[in-house]
Amino acid sequence: MKKLLPQANTLATVIRTFKLIGNTMNCTLTDIASFNNFELRQASYYSNACYFLDLVDENLKLTSMGEDIMSDPKNAKVRIYELIIKHELIGQLFAKTALYPKRKAVRDGKELVRSLYPEYGEAVIDRRTKCLIGWCEEILIYIRNFENK
């Protein structure tokens, strides 16, 4: 079964949520909601994003990749950025976001998402594409700031 596309708007919060899961024995959606000051519904969005990236399994347990990343928590953010850039779908969105004006990146991104998730309605395709492009923009800001140091 194909994984649901993430609807977690902020990549930084996805990473914080992943670290919480990695540092909390038997982490629950309630733990995630409390930590992020979220409703349970939002906690589900962020745990699903971690699952989509193969950082955790369906039971909020770290995958082998998640364990590997958590073995060096100081570099977790950069490792997750690398994982996203190399991801089959998000990597393509990242390239479009880096190379094109936002309007074109979103339009092309929606076409890509529509082809991979034809079961999604247009409103969902729009929201999820913009969410993932937002992640890409967060990474690009990080790269630009790093280059300017």
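Everything numeric in this text was worked out from a predicted model, so none of it was measured. The residue count restarts for each chain, going from 1 along the sequence in the order it is written. Per-residue local features are limited, in this predicted model, to residues with pLDDT of at least 70; the limit for side-chain atom pairs, both in listing and counting, is 80 or more; totals at the level of whole chains, interfaces and linings are taken over all residues. The side-chain figures draw on all heavy atoms in the structure; neither hydrogens nor water molecules are used.

## A few points about the environment of Gly121
Here comes step 1: The way it works is that DSSP assigns letters per residue, a run of H or I at least four long becomes a helix, a run of E at least two long becomes a strand, and they are numbered from the N terminus. Of note, Gly121 is situated in the loop between helix H7 (102-116) and helix H8 (122-147).
Here comes step 2: A simple rule labels every residue: compare its accessible area, found with a 1.4 Å probe on the protein chains alone, to the largest value its type can have, and call it buried under 20%, exposed over 50%, or partly exposed in between. According to the relative accessible area criterion, Gly121 is partly exposed, its value standing at 36%.
Here comes step 3: Distance from Gly121 to Arg103, taken between C-alpha atoms, is 20 Å for residues 18 residues apart in sequence.

## Thoughts on unusual backbone geometry
Here comes step 1: Phi is positive for Asp54, which is not a glycine, with a value near 65 degrees.
Here comes step 2: Within the secondary structure, Asp54 is located in the loop between helix H3 (40-52) and helix H4 (64-70).
Here comes step 3: The exposure class of Asp54 is partly exposed, given its relative accessible area of 36%.
Here comes step 4: With a phi close to 60 degrees, Leu60 is a non-glycine residue in the positive phi region.
Here comes step 5: In this fold, Leu60 is placed in the loop between H3 and H4.

## Points about the packing of aromatic side chains
Here comes step 1: Side-chain rings of Phe, Tyr and Trp, where Trp is taken by its six-membered ring, are said to pair if the distance between their centres is within 6.5 Å; with planes under 30 degrees apart they count as stacked, over 60 as edge-to-face, and otherwise as tilted. Taken as a whole, this structure holds three aromatic pairs when the rule is applied.
Here comes step 2: A ring has a charge above it when a Lys NZ or an Arg CZ is no more than 6 Å from the ring centre and no more than 35 degrees off the ring normal. Lying over the aromatic face of Tyr51, Lys3 brings its terminal NZ or CZ to 4.4 Å of the ring centre.
Here comes step 3: Taking NZ or CZ as reference, Lys104 lies 4.7 Å from the ring centre of Tyr100, over its face.

## Description of the packing of helix H1 (residues 11-23) against H3
Here comes step 1: Running from N to C, H1 and H3 cross one another at 80 degrees; their axes reach a closest spacing of 9 Å. When the axis of H1 is compared with that of H3, the two are roughly perpendicular. Residues Thr13, Val14, Thr17, Phe18 and Ile21 of H1 lie in contact with H3, whose contacting residues are Tyr46, Ser47, Ala49 and Cys50.
Here comes step 2: Charged means Asp, Glu, Lys or Arg here, nonpolar means Ala, Val, Leu, Ile, Met, Phe, Trp, Tyr, Cys or Pro, and polar covers whatever is left, Gly included. Here the residues of the contact of H1 with H3 are counted per class, giving six nonpolar, three polar and no charged. Axis definition: a line fit to C-alpha positions, over the contact stretch in the case of helices; interaxial angles, taken between N-to-C directions, run 0 to 180 degrees. Roughly parallel means an angle under 35 degrees; roughly antiparallel, over 145; roughly perpendicular, 65 to 115; everything else is oblique. Whether two residues are in contact is decided by their heavy atoms, any of which lying within 4.5 Å being enough.

## So, the side chain of Thr13
Here comes step 1: Position of Thr13 relative to the elements: it lies in helix H1.
Here comes step 2: The residues contacting Thr13, other than those within four sequence positions of it, are Asn36, Phe38 and Tyr46.

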